[in-house]
Amino acid sequence: MATEIKAVITLFGATGDLAHRKLYPSLFNLFRKGFLADNFALLGTSRSEWSDADFQAKVRESISKVDEDQAGQYDAFVKHFFYQPHDVTNPEHYDKLNERIAELEDKFATEGNRLFYMSMAPRFFGTIAANIKSQGLLSDNGFNRLVIEKPFGRDFASAQELNKELTETFDENQIFRIDHYLGKEMVQNISALRFGNTAIEALWNNQYIDNIQVTLSEDMGVEERAGYYDQSGALRDMVQNHIMQVVAQLAMEQPLTFTDQDIRAEKAKALRSLRKYTPSEAAANFVRGQYAAGDNNNEYRKEDGVDPKSITETYVAAKLTFDSYRWAGVPFYVRTGKLLAGKFTRVDVVFKKPLIDIFATPANSNDQKLNNNVLTIYIDPTPGFSLTLNAKKVGQGYTTEPIDLAFSQSAEQKDLSPEPYERLFHDALEGNSTNFASWSEIADAWQFVDVIRQVWDHEEPNFPNYQPGSMGPKEADELLARDGRQWVY
């Protein structure tokens, strides 16, 4: 049975695209499942001069795409939504905001629980946090929590300054930094796979694993995000956050208990053991790319909103190295990019071959070699697992062939799985920070990435260097080939 959560949610950036596409449908799912019921309210804010009725109509439009069978609940849901025009830079506006919050607390009996959600330009995060404190918006008799969207800074220095600003108002355990990849079903399944199966965890080390590959592939270009993306690039947009968080889950040690505090501590320890490259090592172990023109797209430099001389990367591949007892000698290869061969996210764990291949002997005339066993975690679009094994090929003689033991979620299971934002919204309201990045994790990720960014900012790349529909530039294949390896996909 769902346990109802009581709270007033104040959403900064309530008229934005993210709120319309993700946040309101996610809250509606929590409502129809009973996690939100009679005792919650959402106060939306932005500069737009909307009324409560205008806002409720927009929310209704947003949730109408969730499930038409639930249309009977639309009115019951949207009556919990209210709106206040607001300039986040004007301290006086927070007084009115505080009045509206207090009114909603009385009306919906939320017991003083307040959650502040920042879904707007990061440059305002510190300003909002400071005014929340100075203008008295913090509750005295319930919880106070802050949810913030990425990006959390654009380098270590700016992230550190932002964190300082936020922690002057909120404690670390009150801050929930969104990384929607941590809300994905199969990313969360990494812990169950490892720590719930002796057969897997016993082999999860450098004695048996040859390398681990993480791929976050997108088949679209920058589209309407060109203005933002040209100031960010794949390194900041994908590697520093999503990829680092997935890698931390793969590399971490078993936590003492399955609690947010212990899990985040082990992830932070894993990222601290990630070798921070020197500039020369960064140049040798990172590959960047920018897509060329294709049949249905412009080259990146000719996209609307992009600098014609831009050196912003739309692709990154890298070799990561951990200086830990478990992972010494095991490379983690990662890659991400736009306009690639497909839209998918996967992890490939490549195991070592047997020390002696008894099937590849002079007496065997088939000149065959055993394949590596590969455990694949399919994160998107169809969640599941597969394990590639060697088996005897059916027929006369004795040759081997790779076979797959596979599991994929059924359509029914996929429907039951919460969307990432639904899961993360629920966790923030519950105060469970397991699936949110801690400051320690973010700091280590930025300190690692900053070296690569500084190297690239002082080099002129040969762009464009990969074709749409491929899996990136040839240098990404060469990165593995020089180690005698290749990408699984």
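For the structure itself, consult the block above.
Q: Honestly, the overall build of the protein in this entry has me stumped. Any pointers?
A: A count of helices and strands for the protein gives 16 helices and 14 strands. A globule of 489 residues ought to have a C-alpha radius of gyration of about 23 Å, and the protein, at 25 Å, matches this closely. The 489 residues of the protein split such that 54% are buried. Nonlocal contacts in the protein, meaning residues at least 24 apart in sequence, comprise 76% of its contacts between residues at least 6 apart. Entry remark: accessible area of the protein is about 22000 Å², with carbon and sulfur atoms responsible for 48%. Side-chain charges of the protein comprise 52 positive and 71 negative groups, with the mean position of each set lying 4 Å from the other.

Q: I'm lost on the environment of Asn-163 in this one. Help?
A: Among the secondary structure elements, Asn-163 is positioned in helix α6 (residues 156–167). A relative accessible area of 8% means that Asn-163 is categorised as buried. In this structure, the C-alpha to C-alpha distance between Asn-163 and Phe-152, residues 11 residues apart in sequence, is 8.5 Å. Look past the residues within four positions of Asn-163 in its chain and what remains in contact with it is Phe-152, Glu-172, Arg-177 and Trp-439. A distance of 2.8 Å separates a polar atom in the side chain of Asn-163 from a polar atom in the side chain of Arg-177.

Q: Please clarify how the pattern of salt bridges should be interpreted in this entry.
A: Note that side chains of opposite charge can pair when their charged atoms are close. Counting across every chain of the model gives 31 salt bridges. Among the ionic pairs, Glu-99 bridges to Lys-96, the shortest N-O distance being 3.7 Å. Here Lys-96 and Glu-99 lie together in helix α4 (residues 91–108), a separation of three residues that amounts to about one turn. The exposure class of Lys-96 is partly exposed, given its relative accessible area of 36%. Here Lys-269 makes a salt bridge to Glu-266, at a shortest N to O gap of 3.4 Å. With a gap of three residues between them, Lys-269 and Glu-266 both fall in helix α11 (residues 260–272), about one helical turn apart. Take Glu-266: its relative accessible area is 12%, and that puts it in the buried class. Residues participating in the shared-partner salt-bridge network are Arg-194, Glu-201, Glu-253 and Arg-326.

Q: Even after reading the chapter, I still don't get helix α10 (residues 233–251), so can you show me in this structure?
A: Since the α-helix packs 3.6 residues into each turn, any two residues three or four apart lie on the same face. Across its 19 residues, α10 extends 25 Å between first and last C-alpha, which sits within 8% of the 27 Å expected from 1.5 Å per residue. Of all the bends in α10, the greatest measures close to 45° and is centred on Val-239. With 19 of its 19 residues buried, α10 lies for the most part within the structure.

Rules used throughout
Residues numbered from 1 in each chain as written. Predicted model: local features only at pLDDT ≥ 70, side-chain atom pairs only at ≥ 80, totals over all residues. Heavy atoms only, no water. Helix = DSSP H or I, 4+ residues; strand = E, 2+ residues; numbered from the N terminus. Rg over C-alpha atoms; globule rule 2.2 N^0.38 Å. Buried < 20%, exposed > 50% of the residue type's maximum accessible area, 1.4 Å probe, protein only. Contact = heavy atoms within 4.5 Å. Areas by Shrake-Rupley, 256 points an atom, 1.4 Å probe, with all protein chains shown as cover. Lys, Arg positive; Asp, Glu negative; His and termini not counted. Charge placed at Lys NZ, Arg CZ, Asp CG, Glu CD. Polar contact = N/O pair within 3.5 Å; in protein donor to acceptor, adjacent residues only side chain to side chain. Salt bridge = Lys/Arg side-chain N within 4 Å of Asp/Glu carboxyl O. Expected span 1.5 Å × (residues − 1). Bend = angle between axes of the 7 residues up to and from the residue.

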